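Coordinate analysis (summary)
Next come the chains, spelled out residue by residue.
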Amino acid sequence: MLTLNSLLAGLAGLAAVGGLVVAAAGGIGWAPSTTVRRRSRLERKLRGLFVKDARTPTSWWAQGRVRLAGGALAGLGVWLFTGWLSGGLITVAVVIGLPWLLNTSGSGKSQIDKLEAIEEWVRRMSDIHTVGVSLEATIQRSLETAPRAIREDVRLLVSRQQAGWVPQDAYRAFADDLNDAMVDEVAALLILHVEDRGSGLSRALRELAEALQHEVLARREVEADRQKPRTNDRWVTIFCLAIFGITAFSGTYVEPYNTFAGQVVLVFVGAAFVLVKVWMRRMAIIEPAPRFLSPADRSGGQITEEAP
């Protein structure tokens with residue numbers, strides 16, 4: 001008969017073997033192959049069940065209603081099996097919030113992807129803009145080849161121009177939507193060109209694209225360094241949840257939690273765990289560089305025609 005001690009011993013043995021494999025791989029200098037491996041159809045389906053990305057927008061686990069139903073069933077099962085109402089509630093909260101618990105990447109990567117798209121867009125505008133072509137026409141033509149990450153933002157900018165917005169306010173609103181100090185530099189360059197209509201815009205756009213490229217590389221290096229503690233945090237979370245799940249069914253070991261005081265302590269432990277996760281996330285957040293452009297005047301941003 002399988003007992004808790006034998007189960008823990010088996011898990012400990014697997015962990016020890018895995019640690020030895022990792023240590024041996026590190027000792028001989030093993031590195032993952034850079035060859036792109038094509039996933040099998042079964043692997044893609046299994047990945048689509050749990051991974052939410054642009055290629056699997058309909059992942060069942062990414063849907064809040066499915067997580068709510070699964071959390072309710074899991075919480076009910078824990079409550080009926082252990083008799084802990086608080087344990088069932090904690091289980092519901094864990095299942096519903098599992099993507100938040102395991103996803104520690106934050107929004108840094110998406111912001112870097114948008115900044116890289118801005119760099120590509122600015123570089124394309126420097127190629128499109130030639131003598132005799134206005135800045136407004138250049139932006140409208142750039143919409144056809146705008147990167148996907150900022151295509152809707154560029155489309156909105158073009159729509160504002162066509163709706164008769166004051167150009168300065170349209171560019172400020174574009175910077176407000178992307179909310180990045182480097183985008184402020186792009187908007188400032190466009191605003192300066194609107195005000196003086198001088199020559200050399202293509203060269204200025206090209207030099208700005210080079211600066212954006214260096215900024216993207218620097219941010220990616222910082223993001224790669226931050227990924228290591230995030231991975232450790234994810235594994236610690238999985239380990240804590242696994243220990244909680246195993247000990248909840250260990251019988252005499254958790255008998256003190258059967259009392260009212262024990263239930264209160266259990267709720268306190270769950271709340272403390274969430275607070276520690278929030279604290280760790282805030283430690284990993286780097287304050288962005290402050291913006292220098294003032295917000296756009298959205299109330300009076302359109303050109304009004306005078307009545308005859």
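That block above? That's the structure.
What this report covers is the structure whose coordinates are included nearby. (Residues numbered from 1 in each chain as written. Predicted model: local features only at pLDDT ≥ 70, side-chain atom pairs only at ≥ 80, totals over all residues. Heavy atoms only, no water.)

What follows deals with the packing of aromatic side chains. Under the criterion given, the structure shown has 1 aromatic pair. Aromatic pair W121 and F174: ring centres 5.4 Å apart, planes at 50°, arrangement tilted. You can see W121 sitting in helix α6 (residues 108-128) and its partner F174 sitting in helix α9 (residues 167-178), a full 53 residues away along the chain. Taking the relative accessible area as the measure of exposure, F174 reaches 1% and is therefore buried. Just above the ring of W165 sits the side chain of R160; from NZ or CZ to the centre is 5.2 Å. (Phe/Tyr/Trp six-rings, centres within 6.5 Å; stacked < 30°, edge-to-face > 60°. Helix = DSSP H or I, 4+ residues; strand = E, 2+ residues; numbered from the N terminus. Buried < 20%, exposed > 50% of the residue type's maximum accessible area, 1.4 Å probe, protein only. Lys NZ or Arg CZ within 6 Å of the ring centre and 35° of its normal.)

Turning our attention to the packing of helix α8 (residues 151-162) against α9. The interhelical angle for the contact between α8 and α9, taken along N-to-C directions, is 155°, at an axis separation of 10 Å. Between α8 and α9, the crossing angle belongs to the class labelled roughly antiparallel. Both α8 and α9 take part in a crossing whose hand is right-handed. Here α8 contributes D153, V154, L156, L157, R160 and Q161 to the contact with α9, which in turn contributes A170, Y171, A173, F174, D177 and L178. (Axes fitted to C-alpha atoms, helices over the stretch in contact; angles between N-to-C directions. Parallel < 35°, antiparallel > 145°, perpendicular 65-115°, else oblique. Left-handed = near helix turned anticlockwise from the far one by under 90°. Contact = heavy atoms within 4.5 Å.)

The next subject is the side chain of S142. Considering the arrangement of structural elements, one finds S142 in helix α7 (residues 135-142). At a separation of 2.9 Å, a polar atom in the side chain of S142 contacts the side chain of W121. Ignoring any residue separated from it by four or fewer positions in sequence, one finds S142 in contact with W121, M125, I128 and V154. (Polar contact = N/O pair within 3.5 Å; in protein donor to acceptor, adjacent residues only side chain to side chain.)

Ranked by size, the top nonpolar core spans 38 residues in total, and within it I118, W121, I139 and Y171 carry the most contacts. Looking at this core, the elements that each hand over two or more residues are α6, α7, α8, α9, α10 (181-196) and α11 (201-247). A total of 8 residues in this core trace back to one element, the largest contributor, which is α10. With residues up to four places along the chain from it excluded, the contact list for I139 reads W121, M125, L157, V158, Q161, Y171 and L190. Residues W84, I90, A248 and V254 belong to the second largest nonpolar core, which totals 5 residues. (Core = buried A, V, L, I, M, F, W, Y, C linked by side-chain atoms within 4.5 Å.)

As far as function goes, none of this settles anything; it's purely spatial.
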